[in-house]
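Here is what each chain is made of, one letter per residue.
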Amino acid sequence: MDIVLTGRQLVHLTFTDILTSVRYLDLSKNEITELSSVFSRLKRLEHLDVSDNQITFLSSEMKCLKFLKTLIIKKNLIKSVALDFGMSQSIEKLNLAGNQLLELPIQFTMLTRLVHLNLGSNYITSIPKYISHLMSLEYLYLGGNKLVCLPEEMGFLPRLSALYLHNNGLVNIPTNFRHLRSLRTLTLHKITLSHFHETYLIFTTSNHLRSDKIRWSEIL
C-alpha cells in the first residue's frame, strides 16, 4: 500500500491499523519535528520520504524498519544523530542533503547494502576512514560541504561510479583515488586544489575515467 500525505501541515504521525501494511510513505513538506516511535511500528515500510520538514535529530527508531530500502530526509534541520542510532541493513538509498550535519556518523558505515548516499549541502568537515566499509556504494554526493581533506580509504570503494566533491575546501585529492576503477563521473569545480597538476594526472592517466567526465571548468 502507498500513502502520500505531502503538504498537509502535519506535525506528527498518528498510528492506525492501516499503517501496518504500508510500504511507501511520503510525508514531505509538512511540519514534522521528530521521527517518533510510531515510525518503528511500520514493519513493512520500504520507502520513507520526510523531506522538507522540521526534524532536528535522528533517533534510534529507524533500526526497527527491517525492510526499509529508501530513506529521504533532505531539507530538514538535522544536526546530530543519537549515540544508539541504528538503521536497517536493508537500506540502499539514503538522502540527508540540505541539513546541518557536521560529520558523517560512523553508524552509517555499517550500511553494507547502501548504493546511493547524498550528504550534499551540509557542514561536514571530514569523512571517517570507515567509509571504505560501504562496499556496495555506487553514488556519493558530498558537494557543498566544508571538507578540507578526504581519507585515503575512499580509494577502495570498488563500485563507486559517481563522486561529487565540488564546492568544498579541499586542497588535494588522495592518490589512492586512482584505484577507483568503477568511477565514471567526478565533479571538482568550485574548490581550490594546491596540487592541481598532480590531481589532474591521478584521474586523466587512469584508463577507466575519461577526462571529459570530470568537471574542472570552475576550479578556482
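Residues numbered from 1 in each chain as written. Predicted model: local features only at pLDDT ≥ 70, side-chain atom pairs only at ≥ 80, totals over all residues. Heavy atoms only, no water.

**Q** Can you explain the overall build of the protein chain? Please cite residues and give values.
**A** Within the protein chain, the secondary structure is distributed over one helix and twelve strands. Along its sequence from the N terminus, the protein chain presents helices and strands in the succession β-β-β-β-β-β-β-β-β-β-β-α-β. For the protein chain, the proportion of its 220 residues judged to be buried stands at 50%. Counting contacts in the protein chain only where the partners sit at least 6 residues apart, residues at least 24 apart contribute 29% of the total. When the accessible surface of the protein chain is summed, it comes to about 10600 Å², and 51% of that surface belongs to carbon and sulfur atoms. (Helix = DSSP H or I, 4+ residues; strand = E, 2+ residues; numbered from the N terminus. Buried < 20%, exposed > 50% of the residue type's maximum accessible area, 1.4 Å probe, protein only. Contact = heavy atoms within 4.5 Å. Areas by Shrake-Rupley, 256 points an atom, 1.4 Å probe, with all protein chains shown as cover.)

**Q** Go over the nonpolar core, please, and point to the residues and values.
**A** Core analysis: the largest hydrophobic core is formed by 55 residues, its most contacted members being Leu163 and Leu165. Excluding its chain neighbours within four sequence positions, the residues that come into contact with leucine 165 are Leu142, Gly143, Leu150, Leu170, Ile173, Phe177, Leu186, Thr187, Leu188 and Ile191. (Core = buried A, V, L, I, M, F, W, Y, C linked by side-chain atoms within 4.5 Å.)

**Q** Lay out the packing of aromatic side chains in plain terms, naming residues and giving numbers.
**A** Between two aromatic rings, the relevant description is the distance of the centres plus the angle of the planes. Taken as a whole, this structure holds three aromatic pairs when the rule is applied. Aromatic side chains tyrosine 139 and tyrosine 164 sit 5.3 Å apart centroid to centroid with 45 degrees between the ring planes, which places their arrangement in the tilted category. With tyrosine 139 in strand S9 (residues 139-141) and tyrosine 164 in strand S10 (residues 162-164), this residue pair connects regions lying 25 residues apart in the sequence. The class for tyrosine 139 is partly exposed, based on a relative accessible area of 21%. Taking the centre distance of 5.0 Å and the plane angle of 20 degrees together, the rings of tyrosine 141 and tyrosine 164 count as stacked. (Phe/Tyr/Trp six-rings, centres within 6.5 Å; stacked < 30°, edge-to-face > 60°.)

**Q** I'd love a proper account of the environment of isoleucine 91, names of residues and values included.
**A** When you line up the elements, isoleucine 91 lands in the loop between strand S6 (80-81) and strand S7 (93-95). On a C-alpha basis, the gap between isoleucine 91 and leucine 65 in space is 9.4 Å, while along the polypeptide they are 26 residues apart. The contacts of isoleucine 91, once residues within four sequence positions are left out, are Leu68, Lys69, Thr70, Leu71, Leu111, Arg113 and Leu114.

**Q** Describe the confidence of the model for the protein chain, naming the residues involved and giving the relevant values.
**A** Looking at the protein chain as a whole, its pLDDT mean stands at 85, while 83% of the residues score no less than 70. Confidence scores differ between elements of the protein chain, with helix H1 (residues 196-204) showing the lowest mean pLDDT of 54 and S9 the highest of 98. (pLDDT = per-residue confidence, 0-100.)

**Q** So, unusual backbone geometry: which residues are in play, and what are the values?
**A** Non-glycine residue lysine 29 carries a positive phi angle of around 60 degrees. As for its position among the elements, lysine 29 is in the loop between strand S2 (24-26) and strand S3 (47-49). Even without glycine at this site, aspartate 52 takes up a positive phi of about 55 degrees. Here aspartate 52 is to be found in the loop between S3 and strand S4 (57-58). On the basis of relative accessibility, which here comes to 27%, the residue aspartate 52 falls in the partly exposed class.

**Q** Summarise the side chain of asparagine 99; cite the residues concerned and give the values.
**A** Relative to the helices and strands, asparagine 99 resides in the loop between S7 and strand S8 (116-118). Its relative accessible area of 3% is what places asparagine 99 among the buried residues. Within the structure, asparagine 99 has its side chain in polar contact with the backbone nitrogen of asparagine 76 (distance 3.2 Å). Not counting chain neighbours up to four residues away, the residues in contact with asparagine 99 comprise Ile73, Lys74, Lys75, Asn76, Leu77, Ile78, Ser121, Asn122 and Tyr123. (Polar contact = N/O pair within 3.5 Å; in protein donor to acceptor, adjacent residues only side chain to side chain.)

**Q** Account for the side chain of aspartate 49, naming residues and giving values.
**A** Mapped onto the elements, aspartate 49 comes out in strand S3. Setting aside chain neighbours within four positions, we find aspartate 49 in contact with Leu25, Asp26, Leu27, Ser28 and Ile72.

**Q** Tell me about the environment of isoleucine 55, and name the residues and values.
**A** Residue position: isoleucine 55 is located in the loop between S3 and S4. Overall, isoleucine 55 belongs to the buried group, its relative accessible area being 0%. Sequence separation between isoleucine 55 and glutamate 34 is 21 residues, and the spatial gap between their C-alpha atoms is 5.0 Å. Ignoring sequence-local partners within four residues, the contact set of isoleucine 55 consists of Ile32, Thr33, Glu34, Leu35, Val50, Ile73, Asn76, Leu77 and Ile78.

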